[in-house]
Amino acid sequence: GAGVSQSPSNKVTEKGKDVELRCDPISGHTALYWYRQRLGQGLEFLIYFQGNSAPDKSGLPSDRFSAERTGESVSTLTIQRTQQEDSAVYLCASSKRTAATNEKLFFGSGTQLSVL
Amino acid sequence: TQLLEQSPQFLSIQEGENLTVYCNSSSVFSSLQWYRQEPGEGPVLLVTVVTGGEVKKLKRLTFQFGDARKDSSLHITAAQPGDTGLYLCAGRGSQGNLIFGKGTKLSVKP
């Protein structure tokens, strides 16, 4: 596709269940980011993948959160034993990462996660 | 920890007014970016500023990067309802990731 695609667009789950969120980046983009955005708030960095380098996981809020990316393709963000505080929009972005200072991130529309 | 503080947090104005929003940090950034986000969508890049003191114009929007590369401002002239949205600044963190401020939520009323 032409842009970053995220699925599902909405996810309602019960407290304690595991959820998996998917991100399809733009083809050829080596960098991929996950952010969390609570209602009315800014973007909270979660994790960053760059090519074959080890991912920067410094933003993951707890060990219930994990993410994987196979090569330069799809990424999945997994939240285990979900809590109500996990309710937020989860945004994925990708970029070509050709030059750090001029990197342009392209965002998906996000997955709205609601934990009941 | 590198942080970006944005102010004001909320801004509600009438169509035709001018406004300025700010992005400040105690850290030096090699570049800063401004994004705009509309409800239900992801942020969209407006501009990247790289050189200290740089000024960039995008129609009615003027972006400035501070001389010390620690702060930036966005000025909108004659605001229109279509300018409504969440304005986010972002800078490159020491680990290579992109750090965002909490944003300024702008509402322009007709």
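Preceding this paragraph is the structure being described.
Below is a short write-up of the structure. (Residues numbered from 1 in each chain as written. Chains lettered and ligands numbered in written order. Predicted model: local features only at pLDDT ≥ 70, side-chain atom pairs only at ≥ 80, totals over all residues. Heavy atoms only, no water.)

Quick word on the interface of chain B and chain A
And step 1. Taken together, the contact between chain B and chain A spans 22 residues of the former and 20 residues of the latter.
And step 2. Of the roughly 1,700 Å² buried where chain B meets chain A, counting both sides, 51% is carbon and sulfur surface.
And step 3. In terms of surface lost to chain A, no three residues of chain B exceed Arg92, Asn97 and Phe100 of chain B, which account for 25% of the buried area on that side.
And step 4. In this assembly, chain B and chain A are joined by 1 salt bridge. (Contact = heavy atoms within 4.5 Å. Buried area = accessible area lost by both parts, 1.4 Å probe. Salt bridge = Lys/Arg side-chain N within 4 Å of Asp/Glu carboxyl O.)

What about the environment of Gln9 of chain B?
Residue and element names in this part refer to chain B.
And step 1. Position of Gln9 relative to the elements: it lies in the loop between β1 (5-7) and β2 (10-14).
And step 2. Given the relative accessible area of 47%, Gln9 is considered partly exposed.
And step 3. With 78 residues separating them along the chain, Gln9 and Tyr87 place their C-alpha atoms 9.7 Å apart.
And step 4. Each residue touching Gln9, except ones within four places of it in the same chain, is listed here: Gly103, Thr104 and Lys105. (Helix = DSSP H or I, 4+ residues; strand = E, 2+ residues; numbered from the N terminus. Buried < 20%, exposed > 50% of the residue type's maximum accessible area, 1.4 Å probe, protein only.)

A look at the pattern of salt bridges
Residue and element names in this part refer to chain A.
And step 1. By the definition in use, this model includes 8 salt bridges over all chains.
And step 2. A salt bridge links Arg36 to Glu44, with the nearest nitrogen and oxygen atoms 3.1 Å apart.
And step 3. Judged by its relative accessible area of 4%, Arg36 falls in the buried class.
And step 4. Owing to a relative accessible area of 28%, Glu44 belongs among the partly exposed residues under this scheme.

Here we look at the state of the cysteines
Defined simply, a disulfide is a covalent bond joining two cysteines at their sulfur atoms.
Residues and elements named next belong to chain A.
And step 1. All told, the structure shown has 2 disulfides over all chains when counted by the stated rule.
And step 2. Across a sulfur-sulfur distance of 1.9 Å, Cys23 and Cys92 are joined as a disulfide pair. Where Cys23 bonds to Cys92 through sulfur, the torsion about that S-S bond is close to -65°, and the disulfide is left-handed. Taken together, the residues span a long stretch of sequence, with Cys23 in strand β3 (residues 19-24) and Cys92 in strand β8 (residues 88-95) at a distance of 69 residues.
And step 3. A relative accessible area of 0% means that Cys92 is categorised as buried. (Disulfide = S-S within 2.5 Å.)

Nothing here speaks to function; it is all geometry.
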